[in-house]
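Chain residues, written in single-letter form:
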Amino acid sequence: GAGVSQTPSNKVTEKGKYVELRCDPISGHTALYWYRQSLGQGPEFLIYFQGTGAADDSGLPNDRFFAVRPEGSVSTLKIQRTERGDSAVYLCASSLSAGDEQYFGPGTRLTVT
Amino acid sequence: AQKVTQAQTEISVVEKEDVTLDCVYETRDTTYYLFWYKQPPSGELVFLIRRNSFDEQNEISGRYSWNFQKSTSSFNFTITASQVVDSAVYFCALSEAYGNTGKLIFGQGTTLQVKP
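In what follows, the accompanying structure is described.

Further remarks concern the packing of aromatic side chains. Taken as a whole and judged by the stated rule, the model has 20 aromatic pairs over all chains. For the ring pair Phe-104 of chain A and Tyr-37 of chain B, a centre distance of 5.3 Å and an interplane angle of 85° mean the geometry is edge-to-face. Placement of the pair is Phe-104 of chain A in strand β10 (residues 103-104) and Tyr-37 of chain B in strand β5 (residues 32-39), with the two residues belonging to separate chains. There is no split in this pair, since Phe-104 of chain A and Tyr-37 of chain B are both buried. Pairing Tyr-25 of chain B with Phe-68 of chain B gives two aromatic rings, centres 6.4 Å apart and planes at 45°, and the pair type is tilted.

Here is the structure:
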């Protein structure tokens, strides 16, 4: 079946602009995660959704970052007033439920100039 | 706090050699899960294995095997008879089991290069 998909695959934006990154999880997976991966590092947790609600947003670096999952399927990660330090690959993963193995999407490479 | 350490930054081997990737973890939880993921040059993380902390039995899957030792907080990964296609970055990860979100704490990764 279809895996996790993410759009766009690449996004270049200017400092100060607003961006939205989309994740479409595997059908039937209730748990959805966002991670951020900087060059040469392991992915770092940002936020976790169980269904429609953000059950754990402890990894969001500041209030410029926000994510939604209004219908319990597709999720959007929103970044306001982007900064050059936000440049990274943003990964989305889904699992049947929390604690199960997570399946990752191909990521969105965000570059803030 | 939870932490995963992969001390080997890069490993280079010649095809058909065996190679072991080390992973050491820290957690105060008595119940947790351990994972290994592969990230090939294409970039997409590929799930390899999930292990419950109560199950210390070693696992073998084809050329891959995993050695879980709770006494030393290690979960090492061995590739037997390595192949060029095994070249990738390998990540070890940890998550809590109870009352948890399932969020993964990743190590820094080990880059494996298998030369023909």
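Turning our attention to the state of the cysteines. A complete count under the given rule lists two disulfides over all chains for this structure. The residue that forms a disulfide with Cys-23 of chain A is Cys-92 of chain A, at a sulfur-sulfur distance of 1.8 Å. With the S-S bond torsion at -65°, the cross-link from Cys-23 of chain A to Cys-92 of chain A turns out left-handed. Residue Cys-23 of chain A is located in strand β3 (residues 19-24), and its partner Cys-92 of chain A is located in strand β9 (residues 88-95); the two are separated by 69 residues in the primary sequence. Accessibility classification places Cys-23 of chain A together with Cys-92 of chain A in one group, the buried group. Between Cys-23 of chain B and Cys-92 of chain B runs a disulfide, and the two sulfur atoms are separated by 2.0 Å. Residues Cys-23 of chain B and Cys-92 of chain B are joined through a disulfide that is left-handed, its torsion about the S-S bond being -65°.

So, on to the nonpolar core. Membership of the largest hydrophobic core comes to 23 residues, with the highest contact counts inside it found for Trp-36, Phe-75, Phe-77, Tyr-90 and Leu-112 of chain B. Mapped onto this core, the elements with two or more residues apiece are β2 (10-14), β3 (19-21), β5, β8 (64-69), β9 (74-79), β10 (88-96) and β12 (110-115) of chain B. Sort the elements by how many residues they give to this core and β10 of chain B lands first, with four residues. When neighbours within four sequence positions are excluded, Phe-75 of chain B is seen to be in contact with Cys-23, Leu-34, Phe-35, Trp-36, Ile-49, Arg-51, Trp-66, Asn-67, Phe-68 and Cys-92 of chain B. Core analysis: the next-biggest nonpolar cluster, separate from the first, contains 20 residues, Cys-23, Leu-32, Leu-60 and Leu-77 of chain A among them.

So, about the interface of chain A and chain B. By a frequent convention, interface size equals the accessible area lost on bringing the separate parts together. Residue-level contacts link 21 residues of chain A with 17 residues of chain B. With both sides pooled, the region where chain A packs onto chain B buries about 1600 Å², and carbon together with sulfur makes up 53% of that total. Inspection of the region where chain A meets chain B yields two salt bridges. Among the salt bridges present, the one from Asp-56 of chain A reaches Lys-103 of chain B, with a minimum N-O distance of 3.5 Å. At the boundary of chain A and chain B, one finds nine residue pairs in polar contact (both at pLDDT 80 or more). Put simply, the parts of the chain that give the side of chain A that touches chain B at least two residues each are β4 (31-37), β5 (44-50) and β10 of chain A.

Rules and cut-offs
- The residue numbers shown here count from 1 along each chain, following its written sequence.
- The lettering of chains begins at A and the numbering of ligands begins at 1, in the order of writing.
- Selection of residues for local features in this predicted model requires a pLDDT of at least 70, selection of side-chain atom pairs for listing and counting requires 80 or more, and totals for whole chains, interfaces and linings are taken over all residues.
- Computation of side-chain values covers all heavy atoms of the structure but excludes hydrogens and water.
- In summary, the pairing rule links any two rings of Phe, Tyr or Trp, Trp by its six-membered ring, whose centres are within 6.5 Å, and it sorts them by plane angle into stacked for under 30 degrees, edge-to-face for over 60 and tilted for everything else.
- Each helix corresponds to a stretch of at least 4 residues labelled H or I by DSSP, and each strand to a stretch of at least 2 residues labelled E; elements are numbered beginning at the N terminus.
- Relative accessibility under 20% of the residue-type maximum defines a buried residue, over 50% an exposed one, and the middle range a partly exposed one, all with a 1.4 Å probe and only protein chains included.
- To count as a disulfide, a pair of cysteine sulfur atoms needs to be within 2.5 Å.
- The term nonpolar core refers to a set of buried residues drawn from Ala, Val, Leu, Ile, Met, Phe, Trp, Tyr and Cys, joined through side-chain atoms within 4.5 Å.
- Contacts are assigned to residue pairs with any non-hydrogen atoms lying within 4.5 Å of each other.
- Computed with a 1.4 Å rolling probe, the buried area is the accessible surface lost when two parts are put together, summed over both parts.
- Salt bridge, as used here: a side-chain nitrogen of Lys or Arg that lies within 4 Å of a carboxyl oxygen of Asp or Glu.
- Here a polar contact is taken to be a pair of N or O atoms separated by no more than 3.5 Å, where protein atoms must pair a possible hydrogen donor with a possible acceptor and residues adjacent in sequence count only if both atoms sit in side chains.

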